[in-house]
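Next come the chains, spelled out residue by residue.
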Amino acid sequence: MAGNGSGHANGEFSFGNGTARNGLAKIQTHKKQNGICHDDSAPPVKAQTIDELHSLQKKKSAPTTPIKGTQGAFASTISDEERQKQQLQSISASLASLTRETGPKVVKGDPARKSETPKHVAHAHEHHFTPTISVSDSSLKFTHFLYNLSPAELYEQAIKYEKGSFITETGALATLSGAKTGRSPRDKRVVRDETTEDDLWWGKGSPNIEMDEHTFMVNRERAVDYLNSLDKVFVNDQFLNWDPENKIKVRIVSARAYHSLFMHNMCIRPTPEELENFGTPDFTIYNAGQFPCNRYTHYMTSSTSIDLNLARREMVILGTQYAGEMKKGLFSVMHYLMPKRQILSLHSGCNMGKDGDVALFFGLSGTGKTTLSTDHNRFLIGDDEHCWSENGVSNIEGGCYAKCIDLSREKEPDIWNAIKFGTVLENVVFDEHTREVDYSDKSVTENTRAAYPIEYIPNAKIPCVGPHPKNVILLACDAFGVLPPVSKLSLAQTMYHFISGYTALVAGTEEGVKEPQATFSACFGAAFIMLHPTKYAAMLAEKMMKHGATGWLVNTGWSGGSYGSGNRIKLPYTRKIIDAIHSGSLLDANYKKTKVFGLEIPTEVEGVPSEILEPMNTWADKNAYNATLLKLAGLFKNNFETFTNYKIGKDGKLTEEILAAGPIF
Ligand SMILES: Nc1ncnc2c1ncn2[C@@H]1O[C@H](COP(=O)(O)OP(=O)(O)OP(=O)(O)O)[C@@H](O)[C@H]1O
Ligand SMILES: O=C([O-])CC(=O)C(=O)O
Ligand SMILES: [Ca+2]
Ligand SMILES: [Mn+2]
């Protein structure tokens, strides 16, 4: 895979822009024949009936239709018929009830298309039912499935059947995610069994809230029964991870076209050939998000549950339609599977310069991973989830998921332009007539999002892989306004801040000034990690040392005071700082050390006013600055206490250095 430092923009994407536009058909005036005027200015339509005309409109296409006579190593010996049957069996098995030990009668295609008579029907068991004994309704009906539909087909499904689906002025699909407009980390459950008992991180601070196998099966059955009760379900078969040696096959069964299109965009899209040889998925998601879990069920504390069973390689979603649960649920799975193969999974963005220099951008939600990795002067490898293996870096996903609150064309042109046909636009507000989106409107939620395929970014690096990182940038949005806009970190400091995973967002932006709230999330993604944070930290330290990567801390938050009196650091300044890191010029700058946090800050960065580089300069009230600095340092110290008893890696020396790399006061 990686290693060939010189990437080029091979991901240029454009819709057929009408190169062969011939203009309107010429009107020809023919001579009268037999005195009758023929309206024959165009050749006659090649259909005798309306039905025939409609049948001419669509031709058979590749994505969901097996191709005949595949050549090469995988030349198939089975017939089309056989393959269709296998696909039906596979999907029927996915949707099987495990209590009734039977799969539903599944049939491919849209139930609304009555004329399409089911040709292939799969039964897990043949039913010989007698009318007197109870047979559940779902065993009497077909479960129609719509398999790997195209964005255009999914648009039609969404607009026809899902209230709240609209096409925006630029062609994106605007949709509502329902009552939940963000993830529900407190409703995540992980099956605790003999294997995960020892492997996973449990207890205080861990995101893995336990459930038992039985309860998982109860929820699984609930989801499967719900899905089978519907007219139709959507099935996506796709991949995770661009590293060909560590690709994971995922199947997503969902009830909404919105969910299917979201995952179409976010996971890696298989080629028709890959789909033909897809076989059995490595992992399956059952998204029955419209349907709640039963709160009488053991372990359930709300009507939302996102359940992960690593042994069964399955995830069940009940009671939330927020699509990000699927994306981040799979990310959790990768955080388990990849470290087992000595591959580090990362909640980070990633891009690459023209000379092949790779940078990682770590940070919690809203700190700038997507914004800063999407850089017109660099190749985008990915915006949120990556793997770092012996071969280099690879993106886990096939798409990006950008925050779009206050999105502007000027500041974020590439993201702006990616919001077009095919893009899912969640929970935004738009003009009812022009369908122009108002990105400043928070009426539905502040967490408005756009999910688009990565090739919608013009300089995406396809395949999304790259060599070993040169710079590791830790992003913190410090609403206290005391962290410097940029500091160079030692390895121990990098590890200290990586394990801390700090950011501070503002509690409520609606009325008045509210205290910033510090969040500490180990590895900048505690909600998604499965093993103890020190496992990932040790791997990161080892890789950074081995490949000589430099760590940086960049504050994308406040300057000139805390939230309320100061302002968020201007995005153009942050971009200049990031440019200086990429170019290497910041390495050569002059540095001075700050008090308390002991951070090395440059005295000059090209394009950035020097006075803002030292936060104290920007505060009018120096006492307030010092008090706030100490307050934040105290929060860091408290948070790190849980980690003081752990060893990081094999080297006891590094552990000591990491402990000493925190604030001293
Ligand atoms: N100085 C700045 N640096 C970075 N982002 C900024 C800055 N000022 C404002 N922003 C805004 O902050 C937001 C950063 O969000 P972004 O989507 O990049 O977060 P993220 O780290 O990718 O989070 P998630 O993991 O939730 O996707 C954007 O809306 C961006 O416009
Ligand atoms: O998962 C989400 O909903 C958005 C995201 O990227 C994050 O929170 O890190
Ligand atoms: Ca993001
Ligand atoms: Mn994220």
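Definitions and limits used
Residues numbered from 1 in each chain as written. Chains lettered and ligands numbered in written order. Predicted model: local features only at pLDDT ≥ 70, side-chain atom pairs only at ≥ 80, totals over all residues. Heavy atoms only, no water. UniProt positions renumbered as here; feature names shortened; annotations may be inferred. Helix = DSSP H or I, 4+ residues; strand = E, 2+ residues; numbered from the N terminus. Polar contact = N/O pair within 3.5 Å; in protein donor to acceptor, adjacent residues only side chain to side chain. Contact = heavy atoms within 4.5 Å. Domains from an automatic or database assignment. Buried area = accessible area lost by both parts, 1.4 Å probe. Axes fitted to C-alpha atoms, helices over the stretch in contact; angles between N-to-C directions. Parallel < 35°, antiparallel > 145°, perpendicular 65-115°, else oblique. Nonpolar A, V, L, I, M, F, W, Y, C, P; charged D, E, K, R; others polar. Donors = N, O, S within 2.8 Å, 3.2 Å for Na, K, Ca; no water. Buried < 20%, exposed > 50% of the residue type's maximum accessible area, 1.4 Å probe, protein only. Phe/Tyr/Trp six-rings, centres within 6.5 Å; stacked < 30°, edge-to-face > 60°. Lys NZ or Arg CZ within 6 Å of the ring centre and 35° of its normal. Near = heavy atom within 4 Å. Arc of directions from axis to C-beta. 1 Å grid on protein atoms, 1.4 Å probe; cavity = no way out; pocket = protein on both sides within 12 Å on 5 of 7 lines; lining within 4 Å. Points joined across faces, edges and corners; volume = space filled by probe spheres on them.

By the naming in an unreviewed UniProt entry, the chain goes by phosphoenolpyruvate carboxykinase (ATP) and is assigned to Quercus lobata. The chain has a UniProt comment under Pathway (unreviewed entry) that states "Carbohydrate biosynthesis; gluconeogenesis." Checking UniProt for the chain, the heading Sequence similarities (unreviewed entry) contains the comment "Belongs to the phosphoenolpyruvate carboxykinase (ATP) family."

Here K232 lies in strand β7 (residues 232–240). Engagement of the side chain of K232 in a polar contact is seen with the side chain of Q157, the distance being 2.9 Å. Not counting residues within four places of it along the chain, the set of residues in contact with K232 comprises D110, P111, H144, L146, Q157 and Y161.

Accessible area lost during the coming together of the parts is what is often quoted as the interface size. Domain parsing of the chain yields domain 1 (78–125 + 138–147), domain 2 (173–343 + 390–466) and domain 3 (469–660). The centre of domain 2, based on its C-alpha atoms, is set 29 Å off from the matching centre of domain 3. If you look at the interface, domain 2 gives 25 residues, while domain 3 gives 17 residues. Buried surface at the junction of domain 2 and domain 3, summed over both partners, amounts to about 1,800 Å²; 63% is from carbon and sulfur atoms.

Let's shift gears to the packing of helix α11 (residues 491–500) against helix α16 (residues 652–660). Helix-helix packing is described using two parameters, namely the angle between the two axes and the distance between the axes. Between α11 and α16, the shortest axis-to-axis distance is 8 Å and the interhelical angle comes to 70°. Overall, the two elements α11 and α16 adopt an arrangement that is roughly perpendicular. Seen from α11, the contacting residues are L491, A492, M495, Y496 and I499; seen from α16, they are L654, E657 and I658. Of the residues contributing to the contact of α11 with α16, the split by class is seven nonpolar, no polar and one charged.

This part is about the coordination of the manganese ion (ligand 4). At the metal site, the manganese ion (ligand 4) is ligated by K328 (NZ), H347 (NE2), D384 (OD) and D384 (OD), and these contacts range over 2.3 to 2.8 Å. Ordering the donors of the manganese ion (ligand 4) by residue number gives the pattern K-x18-H-x36-D. Between the manganese ion (ligand 4) and the calcium ion (ligand 3) there is a metal-metal distance of 4.7 Å. You can see K328 sitting in helix α8 (residues 324–340) and its partner D384 sitting in the loop between β14 (379–382) and β15 (385–389), a full 56 residues away along the chain. Classification of D384 by relative accessible area gives buried; the value is 7%.

Applying the stated criterion across every chain, the model contains 21 aromatic pairs. Linked through ring pairs, Y496, Y502, F520, F597, F636, F640 and F643 together constitute an aromatic cluster. When the ring centre of F528 is taken as origin, the NZ or CZ atom of K328, which lies over that ring, is 4.8 Å away.

Below, the discussion takes up the site of ligand 2. Every residue close to ligand 2 is listed here: R183, Y322, K327, K328, H347, S365, D384, Y401, R449 and F528. Within the contact set of ligand 2, an oxygen atom lies 2.6 Å away from a side-chain nitrogen or oxygen of R183. S365 is positioned with one of its side-chain polar atoms (N or O) 3.4 Å from an oxygen atom of ligand 2. Split by residue class, the shell around ligand 2 holds three nonpolar, two polar and five charged.

A few words on helix α3 (residues 151–161). Within α3, the full set of buried residues consists of P151, L154, Y155, Q157 and A158. Here the buried residues of α3 occupy an arc of 165° about the axis, which is enough to place them on one side. Against the buried residues of α3 lie β2 (142–147), β3 (166–167), β4 (173–175), β7 and α6 (257–266).

Quick look at empty space enclosed by the protein now. One pass over the full model with this rule turns up seven cavities of 30 Å³ or more. Of the voids in this model, the largest cavity is the one considered here, and its volume is about 110 Å³. In terms of lining, the largest cavity is formed by R183, S184, P185, K188, I306, E325, K328, G329, S332, A527 and F528. Residue composition of the lining of the largest cavity, grouped by class: four nonpolar, three polar and four charged. In this structure, the second largest cavity encloses a volume near 70 Å³. Lining the second largest cavity are eleven residues, with R100, T102, G103, P104 and S138 sitting closest to its centre. Here the lining of the second largest cavity is built from residues that sort into two nonpolar, seven polar and two charged.

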